[in-house]
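A structural walkthrough
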Amino acid sequence: MGLFLSNFIFLIGLLVGYLSLRLMFDSNILSEHVFHSLRDAKNGAKYSARHVHTDETKGTTLDSAQSLRILCWIMTGPEYIESRTRHIRATWAQRCDKVLYMSSVQTDFPTVGLNVSEGRDELHWKTIRAFQYIHQHHLDEANWFLKADDDMFVVVENLRYVLSRFDPEKPLYLGGRFKPVIKQGMSRGPGYVLSKEALRRFIRGFDMGKCTNFSDMEDTALGKCLETMKVELADVKGKQTLHAFPSNYELVGQLPRSQLGFLLYEYYDPTEGPGCCTDLAVYFHYIDGEQMYVLDYLMYHLRPYGYKYRFNPHVN
């Protein structure tokens, strides 16, 4: 009996030791994966954002969303190419159908040189010039046109799903909604999407003299022009979908309520905590270069073992 008990304890010890080593080994692999992804990105190595879990995505994307063509243009400048823009190129921008990087000068990054000055007071003029360039050279390459700042992370698949509800041949634009100044509300500056017809009308507004570069507040000026040209700000209701702040602001209750006018500007009362945000959030703002890779890993690579995602896009 004593010999049997000793052997049993010995086997249990071996099993516990094996499991401990396995757990340590798996943890090291995870740590190394994140570390090397960030290190390689900093050193200019190729980072692939096109990691696909085919068993999970098969049959879950609506055909109408797949048929959409989205042109993404990134508002950037020479001083941000290394610290911001190249990280977007290495992650979420790979999922757009067409990507353009708009700057004041042309570079071999490549960026499109818009022949404008840099600075916040030039943002609206830079936006006008970017949309004029797209209208002239790329209008027929997409049916939706996303403008994104160079510190935004966009979940392009969720954007496709949201846009699949709308007709790109109707005058529509979408973005996080602010309520003052413009009667129908306006989209917040960090990101918004114009339908093909909205883009046509935006350009026509300047050609006809109905729209002008009257303000250095990009989102206000663009919203006013689009309202003048009868372009509707489409509503994306429900839990927060288009975020002007990083995800942690709403998840842990760090919204800048102390900032003058924050609650005055919010079209809907913000919700904080784990229930703040839809499962199909489209974008987050103020994301730095390293966070781009972390978000990309968490969204497209990490999977809890044994958990099967229940795809139900109609439930927020």
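Residues numbered from 1 in each chain as written. Predicted model: local features only at pLDDT ≥ 70, side-chain atom pairs only at ≥ 80, totals over all residues. Heavy atoms only, no water.

1. Some words on the overall build of the protein
Worth spelling out the cut-off: Per the convention used, a helix needs a DSSP run of H or I reaching at least four residues, while a strand needs a run of E reaching at least two, with both numbered from the N terminus. Classification of residues uses two cut-offs on accessible area relative to the type maximum, computed with a 1.4 Å probe and protein chains only: under 20% is buried, over 50% is exposed, and between them is partly exposed. Note on contacts: a residue pair is in contact if any heavy atoms of the two residues lie within 4.5 Å. For accessible areas, the Shrake-Rupley method is used with a probe of radius 1.4 Å. Any residue's cover is judged against the shown protein chains and nothing else.
Looking only at helices and strands, the protein features 11 helices and nine strands. The burial tally for the protein puts 47% of its 316 residues in the buried class. Relative to all contacts within the protein whose residues are 6 or more apart in sequence, the contacts with residues 24 or more apart total 76%. As displayed, the protein offers around 17300 Å² of accessible surface, 56% of which is attributable to carbon and sulfur atoms.

2. Points about the pattern of salt bridges
Worth spelling out the cut-off: Salt bridges are identified by distance alone: a Lys or Arg side-chain nitrogen within 4 Å of an Asp or Glu carboxyl oxygen.
What the rule picks out here adds up to 14 salt bridges. For Glu118, the salt bridge identified is with Lys126, shortest N-O distance 2.9 Å. For Glu118, a relative accessible area of 35% corresponds to the partly exposed category. One continuous salt-bridge network, built from bridges that share partners, spans Glu169, Glu197, Arg200 and Arg201.

3. Here's the deal with unusual backbone geometry
With an omega dihedral of 15°, the bond running from Phe109 to Pro110 counts as a cis peptide bond. Within the element layout of this structure, Pro110 appears in the loop between strand S2 (98-103) and strand S3 (112-113). The backbone of Asn115 shows a phi angle near 55°, a positive value even though the residue is not glycine. You can see Asn115 is positioned in the loop between S3 and helix H5 (123-137).

4. Description of a nonpolar patch on the surface
Defined as follows: Here the term patch refers to residues with relative accessible area over 30% and no salt bridge, with like charges joined within 9 Å and nonpolar side chains (Val, Leu, Ile, Met, Phe, Trp, Tyr) within 5 Å.
Taken together, the side chains of Val294, Leu298 and Leu302 present a nonpolar region at the surface, about 230 Å² in accessible area. Among the structural elements, Leu298 can be located in helix H11 (residues 289-300). The class for Leu298 is partly exposed, based on a relative accessible area of 44%.

5. So, the state of the cysteines
Under the convention used in this document: In plain terms, two cysteine sulfur atoms within 2.5 Å form what is called a disulfide here.
Counted according to the given criterion, the structure contains two disulfides. Between Cys211 and Cys225 runs a disulfide, and the two sulfur atoms are separated by 2.1 Å. As the torsion about the S-S bond is roughly 85°, the Cys211-Cys225 disulfide counts as right-handed. Taken as a pair, Cys211 in the loop between helix H7 (196-207) and helix H8 (218-228) and Cys225 in helix H8 lie far apart in primary sequence, 14 residues in all. Each member of the pair Cys211 and Cys225 is classed as buried.

6. Side note on the pairing of strand S4 (residues 144-149)
Basically, it comes down to this: Any two strands with at least two DSSP-identified bridges between them are counted as paired.
Within S4, six of the six residues are buried, leaving the element largely enclosed by the surrounding structure. Across the two faces of S4 the burial is the same, with Trp144, Leu146 and Ala148 and Phe145, Lys147 and Asp149 all buried. When strand S1 (residues 70-75) meets S4, the two strands line up parallel, connected through six bridges. If you follow Ile74 over to S4, its bridge partner there is Ala148.

7. Structural notes on the nonpolar core
Operational definition: By convention a nonpolar core is built from buried Ala, Val, Leu, Ile, Met, Phe, Trp, Tyr and Cys residues, the set being connected through side-chain atoms within 4.5 Å.
Counting residues in each nonpolar core, the largest one holds 34 residues, and the members touching the most others are Ile70, Trp92, Leu146, Val154, Leu159 and Leu163. Elements that contribute at least two residues to this core include exactly S1, helix H4 (81-90), S4, strand S5 (153-154), helix H6 (156-163), strand S6 (172-178), strand S9 (283-284) and H11. Top element by residues in this core is H6. It accounts for four residues. Leaving out residues up to four positions away in the same chain, Ile70 has contacts with Cys96, Asp97, Lys98, Ala142, Trp144, Leu146, Val156, Leu159, Arg160 and Leu163. Grouped together as the second largest cluster of nonpolar side chains are 31 residues, Leu100, Leu114, Phe131 and Leu199 included.

8. Describing the confidence of the model for the protein
Applied cut-off: Each residue gets a pLDDT score, which is the predictor's confidence in that residue and runs from 0 to 100.
Here the protein shows a mean pLDDT of 77. Residues at 70 or above account for 62%. Predicted confidence is poor over residues 21-45, with pLDDT under 50, and the contacts of this stretch with residues over four places away or in other chains come to 13 contacts. Contacts of residues 54-61 to residues separated by more than four positions or lying in other chains number four contacts, the stretch itself having pLDDT below 50.

9. Topic: the pairing of S2
For clarity, the threshold we go by: Seen with its strands pointing away from the viewer, a crossover is right-handed when the path leading from the first strand over the helix to the second is clockwise.
Where S1 meets S2, five bridges bridge the pair, whose relative direction is parallel. When the sheet's bridge partners are listed, Ile74 is paired in S2 with Tyr101. Taking the sense of rotation as the criterion, the β-α-β connection linking S1, H4 and S2 turns out right-handed. Sheet topology places S2 next to S3; two bridges connect them, and they run parallel. Bridge pairing links Ser103 to Gly113 in S3.

10. Digging into the side chain of Glu218
Here is the rule we go by: Whenever a nitrogen or oxygen atom comes within 3.5 Å of another N or O atom, the pair is scored as a polar contact, on the condition that within protein one atom can donate a hydrogen and the other can accept it, and that pairs from neighbouring residues in sequence are kept only if both atoms are in side chains.
As for its position among the elements, Glu218 is in helix H8. Engagement of the side chain of Glu218 in a polar contact is seen with the side chain of Lys147, the distance being 3.1 Å.

11. A few points about H7
Along an α-helix, residues three or four positions apart point the same way, because every turn accommodates 3.6 residues. Threshold: Expected span, for any helix, means 1.5 Å times one less than how many residues it has.
The terminal C-alpha atoms of H7 lie 17 Å apart, and with 12 residues this matches the ideal 16 Å at 1.5 Å per residue to within 8%. When we look at burial in H7, the residues that qualify are Lys196, Glu197, Ala198, Leu199, Phe202, Ile203, Gly205 and Phe206.

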